[in-house]
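Summary of the model geometry
Read off the chains here:
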Amino acid sequence: MKRYLTYFFAALFIFIYGNEASAQSKHRSKKSHRHVNSYAARYTTAADSTYLDALHTGQPHLVWCTYYGKSTHGRRTASGEIHDKNAYVCAHLTLPFGTRVRLRNPKNGKEIIVKVNDRGPHSTKYKFDLSYGAARELGFLSAGIIQLEMTVLGK
């Protein structure tokens, strides 16, 4: 008798919570169609319109950047390349892989050209994740984040 009661309550539990879980998954699937084929849509805000204009015109624009830690060295990036912490590479949410970007530190005047080979950062504040070597060259390792002048050069 105990075994039948256990089966009964287990079936009841699955019936009640199973239907609720399937209803939630249906709701999630409808919600995900809002951003069809737009990986970065949830990270782009209305305030980014001047930034997006700067991407297409090639004009300099100030953006907040951060950098990868040393732990990503040797791992695959989204483009399939192996990440080299000393190379001048970066991650961006929407720029095509292989795009060259000039980054200039307005505080010390240092300037480098980096290549986009990864996706990120997954934040609304930061626009680029730089490699450790690029951050070292621009001089912001101790700060961790910095505002840089960015110009898209193309491929």
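Coordinates for the structure precede this section.
Residues numbered from 1 in each chain as written. Predicted model: local features only at pLDDT ≥ 70, side-chain atom pairs only at ≥ 80, totals over all residues. Heavy atoms only, no water.

**Quick notes on the overall build of the protein**
Here is the rule we go by: Each helix is a run of H or I in the DSSP string that is no shorter than four residues. Each strand is a run of E no shorter than two, and both are numbered from the N terminus. Using a 1.4 Å probe on the protein chains alone, a residue whose accessible area is under 20% of its type maximum counts as buried, one over 50% counts as exposed, and one in between counts as partly exposed. Only heavy atoms enter the contact rule, under which two residues are in contact if any of them lie within 4.5 Å. The Shrake-Rupley method, run with a 1.4 Å probe, gives the accessible areas here. Residue values count only the displayed protein chains as cover.
Counting secondary structure elements, the protein contains 3 helices and 6 strands. Counting from the amino terminus, the protein carries its helices and strands in the arrangement α-α-β-β-β-β-β-α-β. Across the 155 residues in the protein, those meeting the buried criterion constitute 30%. The long-range fraction of contacts in the protein, counting pairs at least 24 apart against all pairs at least 6 apart in sequence, stands at 72%. A total of about 10000 Å² of accessible surface is found on the protein, and carbon and sulfur atoms cover 55% of it.

**So, the nonpolar core**
To be explicit about the condition: For this analysis, a nonpolar core means a set of buried residues of the types Ala, Val, Leu, Ile, Met, Phe, Trp, Tyr and Cys, connected via side-chain atoms within 4.5 Å.
Ranked by size, the top nonpolar core spans 19 residues in total, and within it Val 101, Leu 103, Phe 128, Leu 130 and Leu 148 carry the most contacts. Considering each element in turn, this core owes the most residues, 4 residues, to strand β6 (residues 145-154). If sequence neighbours within four positions are ignored, Leu 130 has contacts with Thr 66, Tyr 67, Tyr 68, Val 89, Cys 90, Leu 103, Leu 138, Phe 140 and Leu 148.

**A closer look at the pairing of strand β4 (residues 111-118)**
Which entries qualify depends on this criterion: Two strands qualify as a pair provided DSSP detects at least 2 bridges between them.
Counted residue by residue, β4 has 6 buried out of 8 residues, so it is predominantly covered. Both strand β2 (residues 89-91) and β4 contribute to a ladder of 3 bridges, which runs parallel. Within β4, the position partnered with Ala 91 by the bridge is Asp 118. Of the pairings in the sheet, the one linking strand β3 (residues 100-104) to β4 comprises 5 bridges and is antiparallel in character. What sits directly across from Arg 102, in β4, is Ile 113. Between β3 and β4, which follow one another and run antiparallel, lie 6 residues, and Gly 109 among them has a positive phi close to 80°.

**Comments concerning the state of the cysteines**
Put simply, the test is: Two cysteine sulfur atoms form a disulfide, by the criterion used here, when they sit within 2.5 Å.
Under the criterion given, the structure shown has 0 disulfides. Not part of a disulfide, Cys 65 finds its nearest cysteine sulfur in Cys 90, a span of 8.2 Å. Residue classification places Cys 65 among the buried residues on the basis of a relative accessible area of 0%.

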